[in-house]
Amino acid sequence: MTAKSLADVEYNYKLINERIAQAAQKVGKKREDITFLAATKTVDPDTINYAVSLGLDHIGENRVQELLSKYDRYNLDECSLQFIGHLQTNKVRQIVDKVDLIQSVDSLKLAKEIAKQSIKLNKTTDILVEVNIGREENKSGVYPENLEELLCEISKIEGISVKGLMTIPPICDNKHKISKYFHNMHNIFIDISDKKLDNISMTILSMGMSADYYEAILEGANMVRVGSSLFGERIYI
Ligand SMILES: *Cc1c(COP(=O)(O)O)cnc(C)c1O
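None of the values given here were measured: they were computed from a predicted structure. (Residues numbered from 1 in each chain as written. Predicted model: local features only at pLDDT ≥ 70, side-chain atom pairs only at ≥ 80, totals over all residues. Heavy atoms only, no water.)

## Here we look at helix α5 (residues 108–120)
Right, so step 1: Taking 1.5 Å as the rise per residue, α5 with 13 residues should run 18 Å; its terminal C-alpha atoms sit 18 Å apart, in good agreement.
Right, so step 2: Packing partners of the buried residues in α5 comprise α4 (92–95), β4 (101–105), β5 (125–131), α6 (144–155) and β6 (160–167).
Right, so step 3: Asn-122 lies just past α5 and shows a positive phi near 65°. (Helix = DSSP H or I, 4+ residues; strand = E, 2+ residues; numbered from the N terminus. Expected span 1.5 Å × (residues − 1). Contact = heavy atoms within 4.5 Å.)

The structure is reproduced here in structure tokens:
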């Protein structure tokens, strides 16, 4: 990433927290009801740790290789490390012992592999199921109509525990449109909650990124994943 000064990160961190608090208040929630997860791809561990020193307590990586290369340098004493990107089955083993939550489970095959590797470690891994709310081909996530069946299958597996849902809606520059996707996603979240499926907890609804986390909270998100608004524009090398 760009050599943004730490002062910028501090300024952005405070600003994002304020906007989260404002959005929360608009829907009758408190600041503490919303989890601010920083998406840390391309960000160096020193900068991440600086944000953690300001109070940031959830970070998410989206590439296995990058997570592994940075892992020893994160300060995770008071910070949860999560996986938020597309996860290949053959890489599960490399991260299962390192992450607190995997947000991007969209198939039974992947769920089974996470469970298998977790059992080996004597742990239960918390996951979110990713929903492809915009029904985009070539995008990760289960289609809404297949969600309940997938949840029922996953609920029978030892070693894995569903905590909620995650989505990345289609890119659109229209706030109205994006709010509609968030709205639909929240309806699905509520529907599934109301069904009270065995062994499935609908606690977390993870949606909203730099451009639209405010709108996501207004529509019911209780976890937002913010990268560039905190750390500056990403530079991929
Ligand atoms: C990068 C990323 C984000 C954050 O994106 P920004 O637009 O930089 O805030 C959120 N979620 C996922 C899954 C990501 O990969």
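Text resumes after the structure shown.
## Some details on the pattern of salt bridges
Right, so step 1: The final tally for this structure, using the stated rule, is ten salt bridges.
Right, so step 2: For Lys-70, the salt bridge goes to Glu-66, with nearest N and O atoms at 2.7 Å. Separated by four residues within a single helix, Lys-70 and Glu-66 lie in helix α3 (residues 64–70), roughly one turn from each other.
Right, so step 3: Judged by relative accessible area, Glu-66 falls into the buried class, the value being 14%.
Right, so step 4: Linked through salt bridges whose partners overlap, the residues forming this network are Glu-61, Arg-63, Glu-66 and Lys-70. (Salt bridge = Lys/Arg side-chain N within 4 Å of Asp/Glu carboxyl O. Buried < 20%, exposed > 50% of the residue type's maximum accessible area, 1.4 Å probe, protein only.)

## Description of the site of the ligand
Right, so step 1: All residues adjacent to the ligand are Ala-39, Lys-41, Asn-62, Ile-84, Ile-168, Met-209, Ser-210, Arg-225, Val-226, Gly-227, Ser-228 and Arg-234.
Right, so step 2: Here Gly-227 contributes a backbone N or O atom positioned 2.8 Å from an oxygen atom of the ligand.
Right, so step 3: In this structure, Ser-228 approaches the ligand through a main-chain N or O atom, which is 2.8 Å from an oxygen atom.
Right, so step 4: Within the complex, 89% of the 390 Å² of free accessible area of the ligand lies under protein.
Right, so step 5: Of the residues belonging to the shell around the ligand, the class tally is five nonpolar, four polar and three charged. (Near = heavy atom within 4 Å. Polar contact = N/O pair within 3.5 Å; in protein donor to acceptor, adjacent residues only side chain to side chain. Areas by Shrake-Rupley, 256 points an atom, 1.4 Å probe, with all protein chains shown as cover. Nonpolar A, V, L, I, M, F, W, Y, C, P; charged D, E, K, R; others polar.)

## Things to note about the packing of aromatic side chains
Right, so step 1: For the coordinates displayed, the defined rule picks out two aromatic pairs.
Right, so step 2: A ring pair is formed by Tyr-13 and Phe-36, whose centres lie 5.7 Å apart and whose planes are at 25°; its orientation type is stacked. Of this pair, Tyr-13 sits in helix α1 (residues 6–26) while Phe-36 sits in strand β1 (residues 35–39), and the two are 23 residues apart along the sequence. This pair shows no difference in class: Tyr-13 is buried, exactly as Phe-36 is.
Right, so step 3: The interplanar angle of 85° and the centroid separation of 6.4 Å between the aromatic rings of Tyr-71 and Tyr-74 together place this pair among those described as edge-to-face.
Right, so step 4: Classification of Tyr-71 by relative accessible area gives partly exposed; the value is 23%.
Right, so step 5: In this structure, Arg-19 packs its charged tip against the face of Tyr-213, placed 5.1 Å from the ring centre.
Right, so step 6: Positioned above the aromatic ring of Tyr-71, the side-chain terminus of Lys-98 is 5.6 Å from the ring centre. (Phe/Tyr/Trp six-rings, centres within 6.5 Å; stacked < 30°, edge-to-face > 60°. Lys NZ or Arg CZ within 6 Å of the ring centre and 35° of its normal.)

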